[in-house]
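Chain and residue survey
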Amino acid sequence: MTENSFHYENLKRCGRYAAVFAVMLLALLVMTVMNINTGTVDISAPEIFRIIFTGQAERTEYNIIWQIRLPRILMAAVLGGALSLSGFLLQVFFNNPIAGPFILGISSGAKMVVALMMIFCLSSIGSFSSYALVGAAFAGSLLSVGFVLLVSKKLQNMSALLVAGIMISYICSAITDFVVTFAEDSDIVNLHGWSLGSFSGMSWSNVRIGLVIVTVTFIFTFLLSKPIGAYQMGEAYARSMGVNIKVFRVVLILLSSIFSACVTAFAGPVSFVGIAVPQLTKLALRTSRPLIVIPASFLGGAVFCMFSDLAARTAFAPLELNISTVTSVFGAPVVIWMLIHREKERQ
């Protein structure tokens with residue numbers, strides 16, 4: 001390859017990256033405006049910007065935007081990005097494009113521990129802080145991923161590993177349902193809606209805590225871009241680059257579990273985002289470089305969850321669908337396409 005053609009390819013590649021990020025940022029802005037504008041009370045786009053940037057509005061419209069819609073939109077973006085990165089890290093860890101927190105049972109493990117804490121501790125304690133919920137979800141995530149890791153040592157086949165993850169998910173869901181069956185109605189008044197997944201009812205306190213946890217975890221993930229890139233080339237190559245494989249794999253699992261736990265604690269289990277979005281992002285960028293894919297996956301997850309939340313609120317308004325219902329409708333076909341495409345590549 002000549003020097004001119006190399007520069008041309010490099011410029012072409014950078015132009016593609018810039019175009020993808022520009023489209024994502026534009027989609028993020030459009031989704032933000034549409035989510036704020038859509039609801040039982042219609043507020044025009046100029047009015048939205050005036051209220052946000054000047055604070056001048058009628059009290060009702062001001063409260064609708066600042067106390068109800070904005071916290072929900074921001075949490076959908078933050079948690080969507082977190083879920084996408086959780087899936088990306090698991091895909092790197094298992095070298096498996098179908099790996100994700102929902103498929104491998106990690107979200108179900110987090111849901112199980114949070115549900116158990118709600119049922120058995122809420123009556124005696126009275127209330128939980130958001131950090132306690134995230135901690136419980138994190139413990140459940142580690143519990144599930146521990147079982148997955150034990151199984152992965154015995155099963156080298158990708159399909160068998162995925163089936164094992166699904167079985168772990170069923171076991172955790174069965175335990176949760178069994179305990180809920182014998183719980184007092186007063187203990188599970190808010191558990192049913194949460195367990196099906198929803199971004200409704202978010203507050204600015206939730207936004208602050210979620211943003212802090214996700215931002216810190218995102219920074220650590222981004223700083224691992226170089227080791228992740230080396231690990232994608234194979235363990236032998238990563239060792240030659242000075243990566244401590246054992247420590248690195250533990251860190252990957254911890255970061256992925258924190259992302260997944262934060263999502264489950266605030267919004268309940270959300271399906272398919274962690275599988276579909278990283279793959280679509282890499283397809284759009286035509287690269288697997290973590291330095292590019294990590295921020296792009298976060299943006300893609302944010303846009304995808306904001307779109308899904310908008311669809312959940314408006315598809316059958318005034319009824320609201322569970323967020324996992326919508327993400328499954330759009331995410332599951334992507335997973336099916338990935339399986340078919342992967343099988344064609346092998347042939």
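Residues numbered from 1 in each chain as written. Predicted model: local features only at pLDDT ≥ 70, side-chain atom pairs only at ≥ 80, totals over all residues. Heavy atoms only, no water.

1. Observations concerning the overall build of the protein chain
Here is the rule we go by: A helix here means a DSSP run of H or I that spans at least four residues, while a strand means a run of E at least two residues long, and both kinds are numbered starting from the N terminus. Between buried and exposed lies partly exposed: a residue is buried under 20% and exposed over 50% of the maximum accessible area for its type, with that area taken using a 1.4 Å probe on protein chains only. Contacts are residue-level and defined by heavy atoms, with any inter-residue pair within 4.5 Å sufficient. Using a 1.4 Å probe, accessible areas were evaluated by the Shrake-Rupley method; residue-level cover was limited to the displayed protein chains.
Secondary structure assignment for the protein chain yields 14 helices and zero strands. Ordered by position from the N terminus, the helices and strands of the protein chain form the series α-α-α-α-α-α-α-α-α-α-α-α-α-α. Looking at the 347 residues of the protein chain, the share that counts as buried comes to 49%. Taking the contacts inside the protein chain whose residues are at least 6 apart along the sequence as the reference set, 76% of them involve residues at least 24 apart. Accessible surface computed for the protein chain: about 17,100 Å², of which carbon and sulfur atoms make up 67%.

2. Quick word on the packing of helix α5 (residues 130-154) against helix α11 (residues 245-267)
Here is the rule: Every angle, taken between N-to-C directions, lies between 0 and 180 degrees, and every axis is a line fitted to C-alpha atoms, over only the stretch in contact when it is a helix. When describing relative orientation, an angle under 35 degrees is termed roughly parallel and one over 145 degrees roughly antiparallel, while 65 to 115 degrees is termed roughly perpendicular and anything else oblique. By definition, any crossing whose near helix is turned counterclockwise from its far helix by less than a right angle is left-handed, and any crossing with a clockwise turn is right-handed.
Interhelical geometry of α5 versus α11 gives an angle of 130° and a closest axis separation of 8 Å. One way to sum up the angle between α5 and α11 is to call them oblique. As for how α5 packs across α11, the hand of that crossing is right-handed. Residues Ser-130, Leu-133, Val-134, Ala-137, Phe-138, Ser-141, Leu-142, Val-145 and Leu-149 of α5 pack against Ile-253, Leu-254, Ser-257, Ile-258, Ser-260, Ala-261, Cys-262, Thr-264, Ala-265 and Phe-266 of α11.

3. Details of the packing of aromatic side chains
Let me state the cut-off plainly: Aromatic pairing here means that ring centres of Phe, Tyr or Trp (its six-membered ring) are within 6.5 Å. Orientation follows from the plane angle: under 30 degrees is stacked, over 60 is edge-to-face, and everything else is tilted.
Enumeration according to the criterion identifies six aromatic pairs in this entry. When the centroid spacing of 5.4 Å and the interplanar angle of 65° are considered together, the rings of Phe-218 and Phe-298 count as edge-to-face. Taken as a pair, Phe-218 in helix α8 (residues 204-223) and Phe-298 in helix α13 (residues 290-314) lie far apart in primary sequence, 80 residues in all. Ring centres of Phe-307 and Phe-330 lie 5.1 Å apart, and the angle between their planes is 65°; on these two criteria the pair is classed as edge-to-face. Of this pair, Phe-307 sits in helix α13 while Phe-330 sits in helix α14 (residues 323-346), and the two are 23 residues apart along the sequence. Relative accessible area serves as the criterion here: at 33%, Phe-307 is assigned to the partly exposed category. Given a relative accessible area of 38%, Phe-330 falls into the partly exposed group. One aromatic cluster is present, built from ring pairs that chain together Phe-218, Phe-222 and Phe-298.

4. Topic: the environment of Pro-71
Within the secondary structure, Pro-71 is located in helix α3 (residues 59-94). Between the C-alpha atom of Pro-71 and that of Ser-205, which follows or precedes it by 134 residues, the distance is 9.0 Å. Dropping the residues within four chain positions of it, Pro-71 is found in contact with Ile-65, Trp-66, Met-202, Ser-203, Trp-204 and Val-207.

By themselves these figures say nothing about function.
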